[in-house]
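Inside the fold
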Amino acid sequence: MPSYLPLPEALRAHKSATEATKKVQADFQSKLNFEDRQSFADASRGFIASISPMKIDHDRTSRPVFDLEALSFLDGEAPDTVNPSLWRQAQLNAQHHGLYEVVDGIYQIRSFDIANMTLIRGNTGWIVIDPLTSSETSRAGLKLANEQLGQRPVVAVIHTHSHADHFAGVLGVITQEQAASGEIPILAPMDFVNESLNENVLAGNVMGRRATYMYGNLLTPSPTGFVTTGLGAALSLGTTGFVIPNDIIKETGETRVIDGIEFEFQMTMGTEAPAEMVFYFPQFKALCMSEITTHHLHNVYTPRGAQVRDALAWADQINESIDLFGDRLEIEFASHHWPIWGRQAALNFLKKQRDLYKFIHDQSLRLANLGYNKEEIAEQITLPDSLGLEFYNRDYYGTLYANARAVYVKYLGFFDGNPATLHPLPPVAAAENYLRYMGGADAIVQKASSDFTQGHYRWVVEVLNHVVMAEPEHIEARSLLADSLEQLGYQSESGPWRNFYLCGALELREGLPEGSNYAAAPGMVAAIPLKNLYQIMAVRLNAQKAEGMVLHINLAFTDGEATLLSIENSVLHAFTGRQIDHPAATLSISELNFKLLMSGQKDGASLLASGELEIEGDAQALLQLSGLFDQFERRFPIVTPRKPWQ
Ligand SMILES: [Zn+2]
């Protein structure tokens, strides 16, 4: 069994930057033009007001949902434990919070969360674009706008794309009833519902766990800990919800007039998100680029885990935005970071962001066609200075290294053609053999210490990972691996890379935090369409437990279409509109209660007792069904061995 024992207290402390790390920071200082303060001017422009202290409380617990006070150390010069370029981005994100005017009629709440919430002043109320990640933060942002600009009702909500930081705070600005009744238009791009739920729920537990590393939620804010996500100051951790949109945008060129404001839509599907759109406001000569363009290189592959994105489509969509709106726009703004004013500056930005993604796409494939594998491509690809030295094209969120590998995977998959990598041993088995061949853990640690002294952290990490996977209780190995990850974190220009490295060090030094099981948020469960719920259940089905079982249950919904739930061949299916003659049981229940029952938020016994559930046939069938599903542990090990599966 793996050991989750923490290291001795003395080994838990953060280390200072080594000489090798200081040299990396100095190289960044001399390479980039830190005298260029245009981004700071743009991030400050139009400031109206913020809240003080900049801390937003949770609706139900005592910990804050969002707290920028903890990042006040960013006031100073970059310490040598933070890459100076990332420090600059951290300052831009965290030190520019509050309500801003983009142009008379368009306002943004920035750094109340990881994303921006944009408010458009219509004839009678607010059109809210992207209501943040948590109800607490979106509500606080709307309150600030109402106080500063006059009280207005919310008359429409627009979700630009299927990522939670742009929709999950929706219940902070409207109610579920307002959405369901259709009294408030909720606009979203085609496939928004499926993609939101697939990205956030089907692979939800593993993505969520990896996201804790990527966004650094587990780290304490400090010069040796969390400084930024790159994409925004920090992720809020509050109450999430979901509403089903009632106005779906399907085609480029569609227009709407909402509360007197004209919108021209462009679909940007399959780029930054599977379902995404951007739009132009003729009245304001303003272009909302959603998350297609940002003030950094974005993720063609996001390290929290998601399907690889299409860098070529991404470049093409930016080009189409230039073609459609380039000769009309005066302002470009987006759902993260700060706007760009002036047509020339905005066009220059759009073109260089376009060329960034096209360069990565084209050159990665050129190198692949020369026969290089994804690691060799990533190691040698370099941006031309005309693209690479622009601050808005730098690695703060996505990295050139990871994105080049992603292009390879998009076209060619994870296998590089070398049969030596066709059928590798899994981590622990491989690690045990490496140790056997390399003379055991102590011998490896001794050699690794010498490489650490010389600053060869990438190699030390690679080799000590084997030692920890084979012998997680080897304190010296854990400690040196943690120290090496930490230096790599200090050196990283990318927020997610820093956070991954430092969270890895944390897990090695302190073990795993107290775990709980994954559960979708109640606000999400109620809104999940049944067909998505069945797919979620299918993903939780434990194949070994269901081995040899044939189980048919008729779901006779009291308020919906009858459905046959079947388990056979260790596979779960739901057949809508079908029932069979001799099921194990027939359940009479409402759709909502079924969702709550299956997500563990209500139990069968109390539903039976209240008469909200009736079972005809074998009452044990429901119990048998519930016993087949796995619970997913939230905090599974990442840098230490997972539970053995046999
Ligand atoms: Zn976002």
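The residue numbering used here restarts from 1 in each chain and proceeds along that chain's sequence as written. For this predicted model, a pLDDT threshold of at least 70 governs which residues receive local features, and a threshold of 80 or more governs which side-chain atom pairs are given and counted, while totals over whole chains, interfaces and linings are taken from all residues. Values reported for side chains reflect all heavy atoms of the structure, with hydrogen atoms and water molecules removed beforehand.

Within the protein one finds 23 helices and 21 strands. Between the two quantities, the radius of gyration covers C-alpha atoms and the globule rule is 2.2 Å times the number of residues to the power 0.38. Since a compact globule built from 646 residues should have a radius of gyration of about 26 Å, the 26 Å found for the protein is in line with a globular shape. Expressed along its principal axes, the backbone C-alpha trace of the protein runs to roughly 75 × 70 × 50 Å. Only protein chains enter the accessibility calculation, which uses a 1.4 Å probe; a residue whose area is less than 20% of its type maximum is buried, one above 50% is exposed, and one in between is partly exposed. Of all 646 residues assigned to the protein, the portion counted as buried reaches 54%. Considering only contacts in the protein between residues 6 or more positions apart, those separated by 24 or more positions represent 72%. Strands here mean DSSP runs of E at least two residues long; helices mean DSSP runs of H or I at least four residues long; both are numbered from the N terminus. Whether two residues touch is decided by their heavy atoms; if any such pair falls within 4.5 Å, the residues are in contact.

Definition of nonpolar core: a set of buried residues of the types Ala, Val, Leu, Ile, Met, Phe, Trp, Tyr and Cys, connected through side-chain atoms within 4.5 Å. By size, the foremost hydrophobic cluster in this structure holds 82 residues, and its most contacted members are Leu119, Ile174 and Leu464. In this view, Leu119 contacts Gly105, Ile106, Tyr107, Ile109, Trp126, Ile127, Val128, Leu142 and Ala145; residues no more than four positions away in its chain are not counted. Formed by 39 residues, the second largest nonpolar core is a distinct cluster that contains Phe167, Ala527, Ile528 and Phe594.

Mapping Asp247 onto the fold places it in strand E10 (residues 247-249). Its relative accessible area of 18% is what places Asp247 among the buried residues. Aside from chain neighbours lying at most four places away, what touches Asp247 is Ile186, Leu187, Ala188 and Arg256.

As a further point, take the coordination of the zinc ion. Protein coordination at the zinc ion: the donors are Asp165 (OD), His166 (NE2), Glu291 (OE) and His336 (NE2), at 2.0 to 2.2 Å from the metal. Written as a sequence motif, the donor arrangement for the zinc ion is D-H-x124-E-x44-H. Taken as a pair, Asp165 in the loop between strand E8 (154-158) and helix H5 (176-180) and His336 in the loop between strand E15 (331-333) and strand E16 (340-341) lie far apart in primary sequence, 171 residues in all. Relative accessible area serves as the criterion here: at 10%, Asp165 is assigned to the buried category. Donors, by definition, are the N, O and S atoms found within 2.8 Å of a metal, the threshold being 3.2 Å for Na, K and Ca, and water is not counted, so a site can look incomplete.

Further remarks concern the environment of Glu486. With respect to the secondary-structure elements, Glu486 resides in helix H16 (residues 475-491). Taking the C-alpha atoms as reference, Glu486 lies 52 Å from Thr576; in sequence the two are 90 residues apart. Not counting residues within four places of it along the chain, the set of residues in contact with Glu486 comprises His14, Lys15, Leu502, Ala505 and Arg509.

Strand pairing is assigned whenever DSSP detects at least two bridges linking the two strands. The strand order across the open sheet formed by six strands is E11-E12-E13-E14-E15-E16, and the pairing between neighbours is mixed. Bordering the open sheet on either side are strand E11 (255-258) and E16, each of which pairs with just one other strand. Here strand E14 (residues 286-288) runs beside E15; their pairing, made up of three bridges, is parallel. Pairing of Leu287 across the sheet is with Glu332, part of E15.

Turning next to the pairing of strand E6 (residues 117-121). Where burial is concerned, most of E6 is hidden: four out of the five residues are buried. In this structure, the hairpin formed by strand E5 (residues 106-110) and E6 is closed by a connection of six residues, where Ser111 is found at a positive phi of approximately 55°. Of the pairings in the sheet, the one linking E6 to strand E7 (residues 126-129) comprises four bridges and is antiparallel in character. Following the sheet pairing, Thr118 is matched in E7 by Ile129.

What follows deals with the pattern of salt bridges. A pair is scored as a salt bridge if a Lys or Arg side-chain nitrogen falls within 4 Å of a carboxyl oxygen belonging to Asp or Glu. Within the structure shown, the criterion is met by 22 salt bridges. Among the ionic pairs, Arg405 bridges to Glu375, the shortest N-O distance being 2.9 Å. Here the residue Arg405 occupies a position in helix H12 (residues 400-412), and Glu375 occupies one in helix H10 (residues 374-380), the gap between them amounting to 30 residues. According to the relative accessible area criterion, Arg405 is partly exposed, its value standing at 29%. The salt bridge involving Arg509 is made with Asp483; its shortest N-O contact spans 2.8 Å. Note that Arg509 is positioned in helix H17 (residues 495-510) and Asp483 in helix H16, a separation of 26 residues in sequence. Considered together, Arg509 and Asp483 belong to a single accessibility category, that of buried residues. One salt-bridge network, in which partners are shared between bridges, spans Lys15, Asp483, Glu486 and Arg509.

A helix's residues, less one, multiplied by 1.5 Å, set its expected span. Helix length check: H16, at 17 residues, gives a terminal C-alpha distance of 24 Å against a target of 24 Å (1.5 Å per residue), a fit within 8%. Most of H16 is tucked away, with 15 of its 17 residues classed as buried.

Moving on: the sheet that holds strand E21 (residues 614-617). Working definition: the strands of a sheet are paired by backbone hydrogen bonds and lie parallel or antiparallel to each other. Strands sit in the order E19-E18-E17-E20-E21 across an open sheet of five strands; the sheet is mixed. Each edge of the open sheet carries a strand with a single partner, namely strand E19 (571-576) and E21. Pairs of neighbouring strands in the sheet enclose a mean axial angle of 20°, with direction left out of account. Of the pairings in the sheet, the one linking strand E17 (residues 551-557) to strand E20 (residues 585-589) comprises five bridges and is parallel in character. Note on E20: the bridge partner recorded for Ile553 is Ala585. Interaxial angles span 0 to 180 degrees and are taken between N-to-C directions of axes, which are lines fitted to C-alpha atoms, for helices over the stretch in contact. Contacting E17, strand E18 (563-568) and E19, helix H19 (residues 530-540) crosses the sheet at an angle of about 165° to E19. Sitting on the sheet, helix H21 (residues 591-598) is in contact with E17 and E20, with an inclination near 115° to E20.

A few words on unusual backbone geometry. Backbone torsion omega between Ser52 and Pro53 reads -5°, so that peptide bond is classified as cis. Looking at where Pro53 falls in the secondary structure, it is placed in the loop between strand E1 (47-49) and strand E2 (55-57). The backbone of Asp130 shows a phi angle near 65°, a positive value even though the residue is not glycine. Considering the arrangement of structural elements, one finds Asp130 in the loop between E7 and helix H4 (135-149). The backbone of Leu132 sits at a positive phi, close to 60°, despite the residue not being glycine.

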